[in-house]
Amino acid sequence: MAKDKTQYTCNECGGSSPKWLGKCPHCNAWNTLIESVAESTAPAKNRFASLAKTAEVTTLADIDATDVQRTPTGHDELDRVLGGGIVEGGVVLIGGDPGIGKSTLLLQALDSLQRSGQKTLYVTGEESGAQVALRSRRLGLDGSQVSVLAEIQLEKILATLAHTQPDIAVIDSIQTVYSEQLTSAPGSVAQVRECAAHLTRAAKASGTAIVLVGHVTKEGALAGPRVLEHMVDTVLYFEGDTHSSFRLIRAIKNRFGAVNEIGVFAMTERGLKGVSNPSAIFLSQHSEPVPGSCVMVTLEGTRPMLVEIQALVDSGGPSPRRLSVGLDRDRLAMLLAVLHRHAGVACMDQDVFVNAVGGVRISEPAADLAVMLAITSSLRGKPLPKGFIAFGEVGLAGEVRPAPRGQERLKEAAKLGFSVAVVPKANLPKKNDKAFEGLTIHPVERIDEAMDVVRGL
């Protein structure tokens, strides 16, 4: 196959140059020239022509809409994040820090799929076949029939996919794959974009589901261009501290399911195991209630989870500190102002530290009420009652606004044995439901009402 000519195109103005230059000769911008395949003037066949199908214009009502068939991976937590399983011809991109468990989880999933009768292929560009085999023995996957290909050249990978026609293929990782059409090194922007485009189109044409493993940068974003996230159907992020045994998988984009779903795994000697009740991780074990601790119910996708919010208020100097881990720092400053103005609780000369236990990140405003109650509890030195939970958004005028899907949050709290709840009035259950048995619910409309209720308890 003749190698295509390459040229260097400017990101800023679109001008081209036959060789790489530090400064674009057209617009004088620095470091903007990126290698790409030169468009030939001859009427040559486009390299994507075989994959482009001709289609007629049709109306939406005339198109047959059928639900996509899903193949369960054998891991409930991974299926939850994917929206029920892997879709035929779907392309999944999974990113995460080095050593967090991406390859381990995918090898376990491929083994489960192969044992259920699916044809699988594991393409490794970072390890040899012997290293993959060693890992499978370590994970206890004895007698696994997963096919392994140690290859980084795109054309050979595509030829193998066309020849073996697997149901599911894993490319580990997309940053190691290179195409002969470009001269730049594997992992460069041009190579990652070209290889991902070819693999995506091959998946759509053949019906093979492809999982791409992506590296992340120091900032935590996927290495390579953001266009990688636009090409694929599903983007998953592997999160978690490498010092902790728990890992979270979060869906950022999913064309076949809900986004913001979360899957929780525990890293064991035999690989990653799903955690069916993640609330146990995020609740610290106190034998007796302690000041500055308040439990809230947060929503991760469709799943309600109980998280403990801890606050520590300590006497500060002339410029007191405001520090939050797992919560928005600007929101903490705003809540302290509301607490002073509308509830008469002043922390102007105090250091305030707030933490969400277990390394979880809470981005929703439903944590406001729990944060304020935890701060007040720490300042007064009085613990909240045993079995106490609270949730709700607090506005600048001191009103307590409802949290979405409050009934589900309360059911989860009642199921785990909590007995007292302070919630927004709009989240109060309408009728006597057996799901809330044993849970005393106090509805509040303003933050000062919530403080009075808590003092009465």
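Before reading further, recall that the structure is shown in the block above.
The structure contained in this document is the topic of the report that follows.

Basis of the calculations
- For every chain, the first residue of the written sequence is number 1, and numbering continues from 1 onward in sequence order.
- Local features are withheld for residues below a pLDDT of 70 in this predicted model, meaning they are given only at 70 or higher, and side-chain atom pairs are given and counted only at 80 or more; totals for whole chains, interfaces and linings count all residues.
- Note that water and hydrogens are dropped before the side-chain values are worked out from all heavy atoms of the structure.
- Two strands pair if DSSP finds at least two bridges between them.
- In DSSP terms, a helix is any run of H or I states spanning at least four residues, a strand is any run of E spanning at least two, and both are numbered starting from the N terminus.
- Buriedness of a pocket was judged along seven lines, with at least five required to meet protein on both sides within 12 Å; pockets are open sets of points on a 1 Å grid over the protein atoms alone, cavities are sets where a 1.4 Å probe fits but cannot get out, and lining residues have an atom within 4 Å of a point.
- Grid points are joined across faces, edges and corners, and a volume is the space filled by probe spheres set on the points.
- Following the grouping adopted for this structure description, the nonpolar residues are Ala, Val, Leu, Ile, Met, Phe, Trp, Tyr, Cys and Pro, the charged ones are Asp, Glu, Lys and Arg, and the polar ones are all others, Gly among them.
- The rule is short: rings of Phe, Tyr and Trp, with Trp giving its six-membered ring, pair when the centres are within 6.5 Å, and they are stacked under 30 degrees, edge-to-face over 60, tilted in between.
- Lysine NZ or arginine CZ positioned within 6 Å of the ring centre and within 35 degrees of the ring normal marks a charge as sitting over the ring.

### Describing the sheet that holds strand β3 (residues 33-37)
So, step 1. Taken together, the three strands give an open sheet; going across it, the order is β2-β1-β3, and neighbouring strands pair in antiparallel fashion. This sheet does not close on itself; its edge strands, each paired only once, are β2 (16-17) and β3.
So, step 2. Here strand β1 (residues 6-10) runs beside β2; their pairing, made up of two bridges, is antiparallel. Residue pairing for β2: T9 is matched across the bridge by S16.

### Structural notes on empty space enclosed by the protein
So, step 1. A full pass over the atoms with the stated rule returns two cavities of 30 Å³ or more.
So, step 2. Taken as a whole, the largest cavity spans an internal volume of roughly 110 Å³.
So, step 3. If you go around the largest cavity, you meet 14 residues; those closest to its centre are L78, L82, I86, L106 and V211.
So, step 4. If you list the elements that add at least two residues to the lining of the largest cavity, you get α1 (76-82), β6 (91-96), α2 (102-115) and β9 (168-172).
So, step 5. Ranked by residues supplied to the lining of the largest cavity, first place goes to α2 with four residues.
So, step 6. A per-class count over the lining of the largest cavity returns 13 nonpolar, one polar and no charged.
So, step 7. Considered as a void within the structure, the second largest cavity measures approximately 80 Å³ in volume.
So, step 8. Together, 14 residues line the second largest cavity, and I86, V87, V92, T234 and F256 are the ones closest to its centre.
So, step 9. Within the residue set of the lining of the second largest cavity, elements represented by two or more residues are β5 (86-87), β6 and β10 (209-215).
So, step 10. If one sorts the elements of the lining of the second largest cavity by residue count, β10 sits on top with three residues.
So, step 11. By residue class, the composition of the lining of the second largest cavity is nine nonpolar, four polar and one charged.

### So, the packing of aromatic side chains
So, step 1. All chains considered together, the criterion is met by zero aromatic pairs.
So, step 2. Its end group placed over the ring of F391, R409 keeps NZ or CZ at 5.6 Å from the ring centre.

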